[in-house]
Amino acid sequence: MAHDVLRRPADLRLRDFHGIYTVAPQMAELFVTLQRVARASCTVLLGGETGTGKELVAESPRRKAPFQAVNCATFSPTLLESELFGHVRGAFTGAVRDRDGLFALADRGTLFLDEVAEIPLDLQGKLLRVMQEKNFMPVGATRPVTVDVRVISATNKALAREVAEGRFREDLSYRMRVVPLFLPPLRERRGDTEALFWHFVERMNHGGLRRIEGVTRPAMDAIRSYPWPGNVRELRSAVEYAFVVGEGPLLDVQDLTPELRGQAPPGIPSLSLADTERERMLRVLAKHKGRKAAAAAELGISRSTLWRRLYAYHLR
């Protein structure tokens, strides 16, 4: 029936900050801070869950200057050292020529270190030196190289905990978080789940695979109530999944990913995410004697999000 089909709001206007799209008020406040930070040359530590857009934030300052990025979790310690600082010919087996590292390539610009908590301890000392003294030694070299590089790093781990457990140098952590910034998860960005859903639908409508003009209310309820542990990246993938598996102009529940439908992916036995979340909400609400504000605070969500999920699970 027509009233059970939702369409893109005619007045929907998303703000675009260097590729980060939002309607959430707290994101506008973050953008103001980022614009101020961009004027300085201090180091920045970006915190937040996977998929919140930390790499897009890192690219926003000094956009016209050199920008290099590396995911520190994807390299072995030896290869990461070479990737960051470069090496000279003959430094190790396979080093047939001199090679500049990312610090040299980012000179007078920005280097983005993603998953910085994964840098091994013995390499952290070398990283601290280049951040303090502005010079480093390529692998196998005898002469230091001087650079002017702004370092922006990101992690989804708590560095204070990594320091306390001996996996990260305390002096380096101070050096990296001169300005700490936190990107809120999608579930806490008021209005962004639905707004970004329509944004991705609009973009993918131009791909020619399928054209979605509306979404059923049950499907939208599932989208709104899902906690989105993979955040914006997961939401985009879910929309892409719907375009691939579904047909016609209407997106319905059967077009959603198994996680959104409360099912475990095929071949992976686990509890339904919906059932797990429902049980947790009931437990926390009972603990706080039904007080929604206290329960929402413990769950790490806004009160409006809690109300939506209670409605979706028929718990209101």
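In the block above lies the structure referred to throughout.
These lines cover the structure that appears in this document, whether it is placed above or below. (Residues numbered from 1 in each chain as written. Predicted model: local features only at pLDDT ≥ 70, side-chain atom pairs only at ≥ 80, totals over all residues. Heavy atoms only, no water.)

1. Quick word on the overall build of the protein
Filter applied, for reference: Here a strand is any run of E in DSSP of at least two residues, a helix any run of H or I of at least four, and the numbering for each starts at the N terminus. Each residue is placed in one exposure class: buried if its accessible area under a 1.4 Å probe, protein chains only, is under 20% of its type's maximum, exposed if it is over 50%, and partly exposed if it falls in between. It only takes one pair of heavy atoms within 4.5 Å for two residues to be counted as in contact. As used throughout, the charge tally considers Lys and Arg to be positive and Asp and Glu to be negative, leaving His and the chain termini uncounted. Throughout, a charge is located at the NZ atom of Lys, the CZ atom of Arg, the CG atom of Asp or the CD atom of Glu.
Scanning the protein for helices and strands turns up 13 helices and twelve strands. Considered along the principal axes of its C-alpha atoms, the protein spans approximately 75 × 50 × 45 Å. Buried positions account for 44% of the 316 residues belonging to the protein. Considering only residue pairs separated by 6 or more positions, the protein has 70% of its internal contacts joining residues 24 or more positions apart. Within the protein, one finds 47 positive and 38 negative side-chain charges whose respective centroids are separated by 5 Å.

2. Considerations on the environment of Thr-142
By the secondary structure assignment, Thr-142 is in the loop between strand S7 (135–136) and strand S8 (145–146). Relative accessible area serves as the criterion here: at 71%, Thr-142 is assigned to the exposed category.

3. What about the sheet that holds strand S9 (residues 150–155)?
Selection rule: Any two strands with at least two DSSP-identified bridges between them are counted as paired. Only the contacting stretch of a helix is used when fitting its axis, a line to C-alpha atoms as for every element, and angles between N-to-C directions run 0 to 180 degrees.
Taken together, the five strands give an open sheet; going across it, the order is S5-S6-S9-S4-S10, and neighbouring strands pair in parallel fashion. Two strands lie at the open edges of the sheet, namely strand S5 (67–71) and strand S10 (179–182), each paired on one side alone. In this sheet, adjacent strand axes meet at a mean angle of 15° when their direction is disregarded. The strands that helix H1 (residues 25–38) touches are strand S4 (44–47), S9 and S10; relative to S10, the one it contacts most, it runs at about 155°.

4. Remarks on the pattern of salt bridges
Applicable threshold: The rule for a salt bridge is simple: a side-chain nitrogen of Lys or Arg has to be within 4 Å of a carboxyl oxygen of Asp or Glu.
What the rule picks out here adds up to 15 salt bridges. For Asp-171, the salt bridge is made with Arg-169, and the minimal N-O distance between the two is 2.8 Å. Between Asp-221 and Arg-224 there is a salt bridge, with the nearest N and O atoms lying 3.8 Å from each other. Here Arg-224 and Asp-221 lie together in helix H9 (residues 217–225), a separation of three residues that amounts to about one turn. Each member of the salt-bridge network shares a partner with another, and the members are Glu-162, Glu-165 and Arg-167.

5. A few points about the pairing of S10
On S10, burial follows the alternation: Val-179 and Leu-181 on one face are buried, whereas Pro-180 and Phe-182 on the facing-out side are not. In this structure, S4 lies alongside S10, joined through four bridges in parallel fashion. From the neighbouring strand, Gly-47 faces S10, where its bridge partner is Phe-182.

6. Some words on the packing of helix H3 (residues 77–85) against helix H5 (residues 121–133)
Where we set the bar: These descriptions rest on fixed angle ranges, namely under 35 degrees for roughly parallel, over 145 for roughly antiparallel, 65 to 115 for roughly perpendicular, and the rest for oblique. Charged means Asp, Glu, Lys or Arg here, nonpolar means Ala, Val, Leu, Ile, Met, Phe, Trp, Tyr, Cys or Pro, and polar covers whatever is left, Gly included.
Running from amino to carboxyl end, H3 crosses H5 at an angle of 10°, the nearest separation of the two axes being 11 Å. Here H5 runs roughly parallel to H3, going by the angle between their axes. Residues Pro-77, Leu-80, Glu-81, Leu-84 and Phe-85 of H3 form the contact with H5, whose own contacting residues are Leu-123, Lys-126, Leu-127 and Val-130. For the contact of H3 with H5, the class distribution of residues is seven nonpolar, no polar and two charged.

7. So, the sheet that holds strand S11 (residues 214–216)
Pairing in this open sheet of three strands is mixed, and the strands run S1-S11-S12 from one edge to the other. The two strands at the open ends of the sheet, each matched to only one other strand, are strand S1 (5–6) and strand S12 (250–251). Pairing of S1 with S11 involves two bridges; the strand directions are antiparallel. Across the sheet, Leu-6 pairs through a bridge with Val-215, a residue of S11. Relative to S11, H9 is tilted by about 85°, and along the sheet it contacts S1, S11 and S12.

8. A word on the packing of aromatic side chains
Spelled out, the test is: In this scheme Phe, Tyr and Trp rings, the latter by its six-membered ring, pair at centre separations within 6.5 Å, and the angle between planes marks the pair as stacked below 30 degrees, edge-to-face above 60, and tilted otherwise.
Applying the stated rule across the entire model yields six aromatic pairs. Judged by centre distance (5.0 Å) and plane angle (70°), the ring pair of Phe-197 and Trp-198 falls under edge-to-face. Just as Phe-197 is buried, Trp-198 falls in that class too. For the pair Tyr-226 and Trp-228, a centre-to-centre distance of 4.7 Å together with 90° between the ring planes defines the contact as edge-to-face. Each member of the pair, Tyr-226 as well as Trp-228, carries the same accessibility label: buried. Taken together, the ring pairs in this structure connect Phe-85, Phe-103 and Phe-136 into an aromatic cluster.

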